[in-house]
Every structure is written in C-alpha cells, then in structure tokens.
There are 4 protein chains.
Amino acid sequence: MRFYVKSSLQYQVSGPSTLLCSLRCLKTPGQSISEECLEVIGRADRTDLSVGLEENRFTKLESSWAGELRIDYNAIAETTVSYPSVSDIFTAEVASFGPEVITYLFPSRYVPSDSMRALAWDLFGGINGAFQQAMAIENWLFEHIAYLPGSSDEQSGALDTFLTRSGVCRDFAHLGIAFCRALTIPARYVTVYAYLLEPQDFHAAFEVFIDGRWYLIDGTRIAPLNGMVRIAFGRDACDASVATLFGGIVGTGMSVHCQISFDADEEFLPMNRCDLEDKGEAILME
Amino acid sequence: MRFYVKSSLQYQVSGPSTLLCSLRCLKTPGQSISEECLEVIGRADRTDLSVGLEENRFTKLESSWAGELRIDYNAIAETTVSYPSVSDIFTAEVASFGPEVITYLFPSRYVPSDSMRALAWDLFGGINGAFQQAMAIENWLFEHIAYLPGSSDEQSGALDTFLTRSGVCRDFAHLGIAFCRALTIPARYVTVYAYLLEPQDFHAAFEVFIDGRWYLIDGTRIAPLNGMVRIAFGRDACDASVATLFGGIVGTGMSVHCQISFDADEEFLPMNRCDLEDKGEAILME
Amino acid sequence: MRFYVKSSLQYQVSGPSTLLCSLRCLKTPGQSISEECLEVIGRADRTDLSVGLEENRFTKLESSWAGELRIDYNAIAETTVSYPSVSDIFTAEVASFGPEVITYLFPSRYVPSDSMRALAWDLFGGINGAFQQAMAIENWLFEHIAYLPGSSDEQSGALDTFLTRSGVCRDFAHLGIAFCRALTIPARYVTVYAYLLEPQDFHAAFEVFIDGRWYLIDGTRIAPLNGMVRIAFGRDACDASVATLFGGIVGTGMSVHCQISFDADEEFLPMNRCDLEDKGEAILME
Amino acid sequence: MRFYVKSSLQYQVSGPSTLLCSLRCLKTPGQSISEECLEVIGRADRTDLSVGLEENRFTKLESSWAGELRIDYNAIAETTVSYPSVSDIFTAEVASFGPEVITYLFPSRYVPSDSMRALAWDLFGGINGAFQQAMAIENWLFEHIAYLPGSSDEQSGALDTFLTRSGVCRDFAHLGIAFCRALTIPARYVTVYAYLLEPQDFHAAFEVFIDGRWYLIDGTRIAPLNGMVRIAFGRDACDASVATLFGGIVGTGMSVHCQISFDADEEFLPMNRCDLEDKGEAILME
C-alpha cells in the first residue's frame, strides 16, 4: 500500500535552543520511503541522525536566532503488510530472544512493568499463548480505558492509566507494553502516521515480539492497523517522541496528514483488530 | 594500572530458565582486557552477546536441567586513567551532543528526571558550569544520603532516595543521574569492579558527559575512583544489572574480587573525590 | 471587623443523590455569625450537621428528583483578630499538646508528612523556634511555588506540589501543612471566605498550633490575612471540601462574595504576611 | 465471651520525649472492660486521654529522664457478639449516613480510595448489595494477598499492597478499606487483641458500615472473628497505631497476650469468615 504523508511543526525561538525531532518515516524491510523531503524554514543548523538499535531517523536543529522556525516534511511510504494466521504464531521462550529484543523486556520510564507483574498475571496469566495474551490485553485496553484527550499529561505512566482508566494513544500503548513485559513478552512503543485517523495527528501504538516477529497492536482502535506508517520505535514515549525541545524554544503549531495513493487496480480495505480477529489473523509489517 | 578481577555467581535451577548476566569487563579505549575466562559449571547453553550502544558484554545461559549452575569469571584489566584540570572542562550546549549521548538526557525507569527538574534547578541551578554542578551533586549525595544496605529495594528510584535519604550504591547513582539529566547534563549508569571496596561486591557509579568526554562520579565515596574497572553502561540499573533471571532459577551465592597487580616500578595512590578536588582535577577513563 | 459573605452552588440532579456541603461559617470564640440564611431551591431533604472535633457546619441534601438544585447562603460574620508579638510565641513540646491537637501531627491523604521528614528537616531544621520555622515555610511557599490555576487536580498532594512547584490555594496549604507536621508542628487546613481575593472564590489556608494557639498562615499571599472568614477546619481538603457529591448530581455553577461592612469609625487595613513581619507580629483569630 | 488481655511495651529514653500509646480496650455497647490496670514503670508524666469521635483511649507519657520505660497493661474484656443473618442486611444510601459515618467515606493517608474508584468498580461493581461486595472484598484479599511479615513498611499504603500482593494485617485492612470507600461503603480501621493469633501480637482488621451497623471483616483469616477485643478505631493506621513516638525514645521490646476466660457452662467456638459464610451470617460487636 502506498501512503502520502506530510507533517509540519512550527516553533518560536527566543534564544539558543536545540530541537530534536522525529518526523521522517522508518526504513524497514516492510516499509520503503521515496520522494522524501524534510525542509527547515528559518535559521538553524541541521543534522540528520540515526539513533538507537532501531535506527530512528532524528533531525537535530540548533538555533541561536530569535524568530520563527518551521519544519516541513513529506514523503511517499510503501508498506507491505501481511496477515499471518494466529494459529501459526507460537509462544517463544526468553532463551530465544536476541539482545536487541531482551531490552524490550526491561521496565522503562513510563512502563514500570516490574511493579505490575502480579497485576498482569492476575488479569492475563490464565490465558494460554503469548499472542492470545497480547490480544486479551488489546481487548482489555479497548474495554477498560476511555480515549479522552486532556485526561493525562506527559508525566503519566502505565500505572496512572490503569488507575484513572483514561488517556490518549500514548497511554494506551504504555499500559499495553507494561502488561506484556510483565508477562515476559517483549514490547516496544511505535509512533506512526495513521490513515483515517480523525482528527489527523501523530499516533502511537505498540508491537509485541512473538515467535521471531513484531506484531502491531493498538488498543485505541481509532485507526486501521494496515493504514499505519511507522516513524520511530522505542522503549516508551521517551525514545520516540515527535519533538524534544531544549532551551529557548516553544511550539506554536503542528499539522499532520496521511493520505492513501491508489493504483488503478488497488483497493484499501481498512483492517482493524476485530476484522482480523474474525479471520483469526494477526498483522505484521516488518 | 593493572587489576585482577574475579567473580562468581551461583544458582539453583528448578526448571526451564534463562539467565542474562553481565560479568565481563568492558573494552574501551581506556580499558583493555586480557587473559579473560568466563566458565559455566553446570548444564546450560551459552551465548555471548554485545548489547546496546555501549557494547555491554552479556552472557546468556539457557537451561532446562534442574541442578546447580555456576558462572566463574576472571580477567586482567588494564585501565588508563587521566586527571584533566577542572578549569579546562567547558560546559557544552545540547547542540553539540551526538545521538548516542542525547539518549542519556531522557528519563528512565529509576530516573524520573522529568519530574525532578524544578527540584534540581532549585538545588544546583545557581552554580556556574556543568562540571561544577556535577561536583556539587556528588557533594550533596555524600552529605545528604546515608549509605545503608537494606534501606532500599529493587524498585526504589531516584525520588524515593531523595525522600528517604538512604540507599546503596545503585540509589546514589540513580539520584545523581536524575539531578544531572534534569539540568541537561547527559549521565549514564555504570557497574564496576571496585578495588579497596569493603566488603568486596559489585559496585555502581555514574558518568557525566561534559565537553565531549565522560567523567566518572561516585557520591558514595566508598571506593577510590581510580580503582574501578567498568563492566557495563546503561540508562539506569535496568540496562546494566549483573544478572537478570527468567523462569525457574534462583540465586544461591555470589563472590567478587578486585585486586591490583603492581609492576615493580608502580605505585597505586587511591584517588577519591576529595583528593582530586584539592588538586582541581577530574577523573577520566575513556 | 464585620464581613458580609454570600455564596451560591448550583447543581443538576439526574437521579438519587447526596450532597454534603460546607458553606456556613464556623462559630468560634474569635468569629461570631449573625443574620445567617442557607436556603435550598429545588426538591431535596435537608439535614444540618456539625461534624468532627472542630464542629464544621455541614449541610446534607438528599434528592431523588431530577432537576436543578441551588444552595444560597449569606451571613454576617464578625471576626476578632489579634496580632501577638512573635517574640512572645514560644515553641511548645509535643508533651503539652492535647489529644485534639495531636491528630494534626499525623499524615493524611494529601499530606504524606511521614515521607517528607528528611526533606523538611533539610530545608527548615536549622531554624530556631517553631513559629520561625512556620514563617520560613510560608516564605518558601511564596518564593518556590507558582500560583497557577489548572496546574493541579483533586488528587494532587503535597509531594506533587513540591515537585511541580505549582498549584492553587489548596496545594499551597497542603505542602505547608506537610512541612509543619514533618517538623512536629501541628497544622490544620482551613477553608475561608476571603475579602479582596481576586477573582472572588472559596479560598484555603492553614493554621499552626504553637504555644497553645492556632496561628493563620497563607503562602499564596493573594488575600489579606485579616480579611478571612473561616468556614471549616480539617486534616486536609478531604475533611473541609466545600462540596462532596454522591450519586447522580453534577455541579453547574458557583458564586462567592465577601464584602466588608464598615462602621462609621472603622477602617480596614489589609494585613498581609509582609506587613506583619515588618512589625514582628503574628495573626490569630481563635 | 470473657477475655483476659495483657500487653507490655518497653522503651529506652535518651532525652525529652513523648509517647502516645493505645493499649486500653475500647468501651462500647458490645464490649465492657473491668479490672483494668495500666502501669508505667520508669519516670514519666502520664495523662490518659479520649481521642476522636470513637473515644479511643490513649495514654500520653512525657519523659525527660534517660533510662528505661515500660508500660504494662491488663484487663478483663467482656464482648457480646451477634451473628445477624446476611439476608437481613440491606444496602443503605449515602443519604442515611450521619456525619460521624461520612468521615469514613473519605480517603486517608494509607487509603487513597479516590484514586482507586475505577479499579474497585471493575472488581466488585457487578456484585449486588453492599454486604455482598464487602464479603467479595474479604475473599479477594484472602486469595490475592500473601500474608508476609517484612514485605511492607510503615509507609506502605493500599495501592502498594494491591501491586505487591503481599503485606501484614495492617495492609490487608488498608486495601479492604480502600475498596469499600471507593464503592461508597463507609469503612474504618480497628486494632485488636486477637485470641488464638499465632504468634501473639497486636492485630488489625476493619469494619464496614451497612444498614446502620458496623460489621467486622478480616481478610487475613489468621484469627477467629469472635475472638477479637477492640482497642482503637480510626480512618487508617495513622489514627489507631499502638504507639507513636516523639523525641529521644526508641522501642526495645513488646509482648501481647489474649486468653479466654471460660465460665463453667461456656464454650468458645472459633468463628472465621468461612464458618459464618456457610451459615449465611455476619459478625457484629457494637
């Protein structure tokens, strides 16, 4: 499937400042990027970086000039999505995880999975199979957490979301990741451009590592799983935030667009969790 | 300086289990390792791994056989320590940090530096210079936190230590890292073999990135800074723990030794923070 | 001084519900109430209650009828304020506190003073004299905490306020009370009508028990101390909230007024903490 | 039933200090006390106090003399226990609670029931009837929380216990109270002498107010419910702790005994929660 993604961040700079932003789509076996353009309007020194194990593609801007700063990004992303049968996904032992996967079993800032083990086992420990546990978690998130913009803030973590039962995409992802890690299922945070998301915005979901592959999960169910273009992976929102600001700089605006680009013979059938469940399928992008 | 390090971990395995351990010393420009031997006594499949940006050298053991398991490690570590003059260490802007350093500005599981910004600025914001702030933090830790084994547990984080005013080496490091990150000084956790530490045990300290280099800091002041051999770096204890256990395995014993190995013409002069402060020097291992 | 106070609470009832409200002014040796009227507009069963050691005057309304409910209150409050010299206030031993005072040394929901002992001693332990410590706390609150509506919510406690450095009157009071109790100074929460508060609203402050009397303190400094008419005392906001709702009832509006009523020969001189400090005086209402 | 209770607290005094202790049994309609003796061995000024709505009988000791201090207490307590049929206990509306009961709906230091509402409703909201909910809570505590001395400390609250799934009697009571208050069932903490408790110690449980009466609940199930002699009520352990120390005084020892004193024609049949459940009965002391 081919997507046309576009985003813009606007800032007001008042003094020496650094901006680390993550707008460029990831390049992975299942996601190729073309006709990509990231343009900086305003005075700033720019460095493009690949950060972390997952090669997140950050852009660092350094500015000492008071004034407006804008970053405009657009690209064409080609994603290849497959739908393996759930019955073919086997639970793997920790022993089989490589080092880059084991990292995603550890607790992190917004994911205190070490404190939530008894809770996770209580809720999902009786379910057979890691993928089946992950699906039960997705279901629990959808049924127990209200999607409510403004109900959380940037310091909210998985335990807060469990208690308040409300949050935004980031909070759903953190709580899902916490339950998974507590059950010894590696889980990572992912930010995405999301087709059909209303209103258009950056979105976050998570991926679980089972049987050698990373399956995509989104407990909010507010955008089709096969309409997502991945931007950055991380342990949690710390690693994969769209923009991190240092110094005399404040955000003044933002826009995001994710459109589909059909070939004549193609058709986009939005797949959400329930559609897949009916067919006994999982979703995989690689 | 040449150190002879030796450690042993003992476990009882009752069922399928995985052990991820970090005993082998890091290889860095300032630390070379020779005559290294890690031996596993007991039935287990072994994999040696390099994990993360800092190339921590983990060993993964997989065992399905009930019985005892022991890991014995010994090596000779040659460390090159330099003592740059504090007056030559300049505060750097965030703009100059590369991506692998920026990671160490983010909060992590035991280091909620995002929640401790006002506090850190209140205590240390008035001090000029990043290295001077880091030294003030080291001093504050030594003066305000009691080194008290048993006063914290594995879920204790930097805020707990700030409130209880007590902890072990890990807690001193987490709180120091939290203050540094809150002040926009990159800081990383490091586990070490520590010469002259009484009683002998694994030890933890932290390093701050200022003016392009990582300086070693230890607010406990219970071991000489130039007697440390580094094992693993990380955001906090999550990434660099000596052993992480999964499945049917429990620890039954541990021993650690770090001895010095003099050449005829050498002499080891233990340097602690106060000795260095008197001379206006920092400590650097690279 | 004579004050004319007036308040109104509006609710929408959708089903069986109970409202516990605290609008009526306290009757104390230093505060007498006359021409008082609390009127309920709408269908509800009303009970007037005196609750707790301090005889807070709650009104309980029980309603099963869908519709609007309004509570209108007005009264004339005569307050007698004295200004004892600070040099005459002696620090008392715990031994001298009666049982009704000792209660105010214990931690409570929003005042985890048991966790903040080291912190309080670190900040204020070096100051001689309980009243001097309380004044230093008032000063610290004013200088370190930003008065910022919307920065906290109803679950915020003293530790949150210490970390975020922002809050509303309730948060200033909770943090002040926490520091005092941690230093073994009994402290209680008080809600008030506040003359000259802009915009007019319910207000909260706290009182400390030193040398046998309760002195009034308000770290927000947004209203004169001698312009307050006390409504309810409590351990913290739990005990003294203006309204607690159970069942099918939601607030729809609120208004508060506190005006002064001069005699021909009187004059109101607003006294805030700084005015009093200049004169070496405390403020006392009894 | 007649119980012979005996307790002793030992302290070492090093300087001016105050001790507030709660050893004397409560006098209530269902519990009468005779042949009571509280003796202080050592130099201290003693005051006997009744504190709070529930008339807890504290003893305050003030001492300035270095040396040993011991408090010995013994009494005969006659308790009248009734076993109303559960089917006769009706759920009452908040509207019917008097002010002294409403206090026990509010959150307190170790019972953050305001943060645990969604959780409590999720677990117990589907159960019909307040008493049935309370019984489900008792059952949940027994099945999900491990009684494990040393697993908690004096700052542990209900949320900690929910997460760690372990604690002592105090922690079981706090978590039970939190669930109840979150469901709008008034609940209070109670410390007791407990017959047949092994090893003998002070014990804590809780009481819920339903249909006009306070029913006793103990999720630990480590002592018979009809073998308890009540010492003090409170919102949580803050209000009802056996001893609160101020100044230069530390505990050095403690002993507790609770024996039964049979009449010739009497027999003591230990009733625990399961015995009562089989008969469809509750337990009530008044």
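Residues numbered from 1 in each chain as written. Chains lettered and ligands numbered in written order. Predicted model: local features only at pLDDT ≥ 70, side-chain atom pairs only at ≥ 80, totals over all residues.

## Side note on the overall build of chain A
Item 1. Secondary structure summary: chain A contains six helices and 12 strands in total.
Item 2. A globule of 286 residues ought to have a C-alpha radius of gyration of about 19 Å, and chain A, at 19 Å, matches this closely.
Item 3. Taking the principal axes of the C-alpha coordinates as reference, chain A spans close to 60 × 50 × 35 Å.
Item 4. The buried share of chain A, reckoned over its 286 residues, is 50%.
Item 5. By sequence separation, contacts in chain A at least 24 residues apart represent 75% of the contacts at least 6 residues apart. (Helix = DSSP H or I, 4+ residues; strand = E, 2+ residues; numbered from the N terminus. Rg over C-alpha atoms; globule rule 2.2 N^0.38 Å. Buried ≥ 20, exposed ≤ 12 C-beta atoms within 10 Å, placed from the backbone. Contact = placed C-beta atoms within 7 Å.)

## Considerations on the interface of chain D and chain C
It is common to give the size of an interface as the accessible area that goes away when the parts come together.
Item 1. Across the boundary between the two partners, chain D contributes 25 residues, which contact 25 residues of chain C.
Item 2. Among the secondary structure elements, those contributing two or more residues to the side of chain D that touches chain C are β1 (2-21), β3 (45-51), β4 (56-63), α1 (99-102) and β12 (243-260) of chain D.
Item 3. By residue number, the principal contributor to the side of chain D that touches chain C is β1 of chain D, which donates three residues.
Item 4. The residue makeup of the side of chain D that touches chain C, split by class, is 14 nonpolar, six polar and five charged. (Nonpolar A, V, L, I, M, F, W, Y, C, P; charged D, E, K, R; others polar.)

## With respect to the interface of chain A and chain B
Item 1. Every contact between the two is made by 25 residues of chain A and, on the other side, 25 residues of chain B.
Item 2. Contributing elements (two or more residues each) for the side of chain A that touches chain B: β1 (2-21), β3 (45-51), β4 (56-63), α1 (99-102) and β12 (243-260) of chain A.
Item 3. The dominant element in the side of chain A that touches chain B, judged by the number of residues it contributes, is β1 of chain A, at three residues.
Item 4. The residue makeup of the side of chain A that touches chain B, split by class, is 14 nonpolar, six polar and five charged.

## What about the domain arrangement of chain A?
Residues and elements named next belong to chain A.
Item 1. For chain A, the assigned domains are domain 1 (2-80 + 241-260) and domain 2 (86-238 + 271-279).
Item 2. Placing the centre of domain 1 and that of domain 2 at their C-alpha centroids yields a distance of 25 Å.
Item 3. Tallying the contact residues gives 18 residues for domain 1 and 15 residues for domain 2.
Item 4. Elements supplying a minimum of two residues to the side of domain 1 that touches domain 2: β1, β5 (67-79) and β12. (Domains from an automatic or database assignment.)

## Some points on the relation of the copies chain A and chain B
Item 1. For these two chains of identical sequence, chain A goes onto chain B by a turn of 180° and a shift of 0.0 Å along the axis, with RMSD 0.0 Å. The superposition of one copy onto the other is thereby described by a two-fold rotation axis. Every residue of chain A has its C-alpha some distance from the rotation axis, and the shortest such distance is that of arginine 109 of chain A, at 2.0 Å.
Item 2. Same-surface contact between copies: 100% of interface residues of chain A are shared with the interface of chain B. (Least-squares fit on C-alpha atoms with pLDDT ≥ 70 in both.)

## Description of the relation of the copies chain D and chain C
Item 1. Of the two same-sequence chains, chain D is brought onto chain C (RMSD 0.0 Å, axial shift 0.0 Å) by a rotation of 180°.
Item 2. Most of the interface of chain D is mirrored in chain C, where 100% of its interface residues again form contacts.

## Regarding the confidence of the model for chain A
All names here are of chain A.
Item 1. Taken over all residues, the pLDDT of chain A has a mean of 92, while the share at 70 or more is 98%.
Item 2. Within chain A, α1 has the poorest average pLDDT of any element, 82, and helix α5 (residues 169-182) the best, 98.
Item 3. For this predicted complex, the interface score ipTM comes out at 0.88, while the overall pTM is 0.91. (pLDDT = per-residue confidence, 0-100.)

## Side note on the arrangement of the chains
Item 1. Nowhere do chain A and chain C come into contact; their C-alpha atoms are at least 11 Å apart.
Item 2. Looking at chain B next to chain D, you find no contact at all, with the nearest C-alpha pair sitting 11 Å apart.

## Here's the deal with the sheet that holds strand β11 (residues 228-234) of chain A
Residues and elements named next belong to chain A.
Item 1. Taken together, the four strands give an open sheet; going across it, the order is β10-β9-β8-β11, and neighbouring strands pair in antiparallel fashion. In this open sheet, the two edge strands, each paired with only one partner strand, are β10 (213-217) and β11. This sheet shows a mean twist of 40° between the axes of neighbouring strands, independent of strand direction.
Item 2. In the sheet, strand β8 (residues 187-194) pairs with strand β9 (residues 202-210) via seven bridges, with the strands oriented antiparallel. Across the sheet, residue tyrosine 189 finds its bridge partner in β9, namely phenylalanine 206.
Item 3. Helix α3 (residues 130-144) contacts β9 and β10 of the sheet and is inclined by roughly 155° relative to β9.
Item 4. Taken strand by strand, α5 contacts β8, β9 and β10, and its axis lies near 15° from that of β9. (Pairing = 2+ DSSP bridges. Axes fitted to C-alpha atoms, helices over the stretch in contact; angles between N-to-C directions.)

## Some details on helix α3 (residues 130-144) of chain C
Item 1. Taking 1.5 Å as the rise per residue, α3 of chain C with 15 residues should run 21 Å; its terminal C-alpha atoms sit 21 Å apart, in good agreement.
Item 2. All of the buried residues along α3 of chain C are Ala130, Phe131, Gln133, Ala134, Met135, Ile137, Glu138 and Leu141 of chain C. (Expected span 1.5 Å × (residues − 1).)

## Things to note about the packing of α3 of chain A against α5 of chain A
Residue and element names in this part refer to chain A.
Item 1. The N-to-C vectors of α3 and α5 enclose an angle of 145°; their axes lie 10 Å apart at closest approach. The handedness of the crossing between α3 and α5 comes out as right-handed. Facing α3, whose interface residues are Ala134, Ile137, Glu138 and Leu141, α5 presents Phe172, Leu175, Gly176, Phe179 and Cys180. (Left-handed = near helix turned anticlockwise from the far one by under 90°.)

## Overview of the sheet that holds strand β8 (residues 187-194) of chain D
All names here are of chain D.
Item 1. If you walk across this open sheet you meet the four strands as β10-β9-β8-β11, and the pairing is antiparallel. Of all strands in the sheet, those with a lone pairing partner are β10 (213-217) and β11 (228-234), marking the two edges. Within the sheet, the average angular offset between the axes of one strand and its neighbour, ignoring direction, is 40°.
Item 2. The strands that helix α3 (residues 130-144) touches are β9 (202-210) and β10; relative to β9, the one it contacts most, it runs at about 155°.
Item 3. Lying on the sheet, helix α5 (residues 169-182) is in contact with β8, β9 and β10; it crosses β9 at an angle near 15°.

## What to know about unusual backbone geometry
Item 1. The step from glutamate 198 of chain A to proline 199 of chain A runs through a cis peptide bond, and the omega angle for that step is -10°.
Item 2. You can see proline 199 of chain A is positioned in the loop between β8 and β9.
Item 3. If you check the backbone angles, threonine 184 of chain A has positive phi at about 65° while not being a glycine.
Item 4. Summarising the element assignment, threonine 184 of chain A is placed in the loop between α5 and β8.
Item 5. The backbone phi angle of aspartate 211 of chain B is positive, close to 60°, even though this residue is not glycine.
Item 6. Relative to the helices and strands, aspartate 211 of chain B is located in the loop between β9 (202-210) and β10 (213-217).

## A short note on the pairing of strand β4 (residues 56-63) of chain B
Item 1. Here five bridges tie strand β1 (residues 2-21) of chain B to β4 of chain B, and the two strands are oriented antiparallel to one another. If you follow cysteine 21 of chain B over to β4 of chain B, its bridge partner there is threonine 59 of chain B.

## What about the environment of glycine 219 of chain B?
Residue and element names in this part refer to chain B.
Item 1. By the element assignment, glycine 219 lies in the loop between β10 and β11 (228-234).
Item 2. On the basis of neighbour counts, which here come to 25 C-beta atoms within 10 Å, the residue glycine 219 falls in the buried class.
Item 3. Each C-alpha atom, one on glycine 219 and one on leucine 245, is 29 Å from the other, the two residues being 26 residues apart in sequence.
Item 4. Sequence-distant contacts of glycine 219, that is, excluding residues within four places in its chain, are made with Glu138, Leu141, Phe142, Ile145, Phe172 and Gly176.

## Observations concerning the environment of tryptophan 140 of chain B
All names here are of chain B.
Item 1. Within the element layout of this structure, tryptophan 140 appears in helix α3 (residues 130-144).
Item 2. Accessibility expressed as a C-beta count within 10 Å gives 16 for tryptophan 140, which makes it partly exposed.
Item 3. Through-space distance from the C-alpha of tryptophan 140 to that of leucine 38 is 39 Å; in sequence the pair is 102 residues apart.

## Topic: the environment of phenylalanine 179 of chain D
Residues and elements named next belong to chain D.
Item 1. Following the sequence through the fold, phenylalanine 179 ends up in helix α5.
Item 2. The exposure class of phenylalanine 179 is buried, given the 30 C-beta atoms found within 10 Å.
Item 3. Sequence spacing of phenylalanine 179 and aspartate 114 is 65 residues, and the spatial spacing of their C-alpha atoms is 9.8 Å.
Item 4. Setting aside residues no more than four positions away along its own chain, phenylalanine 179 makes contact with Ala120, Phe124 and Ile137.

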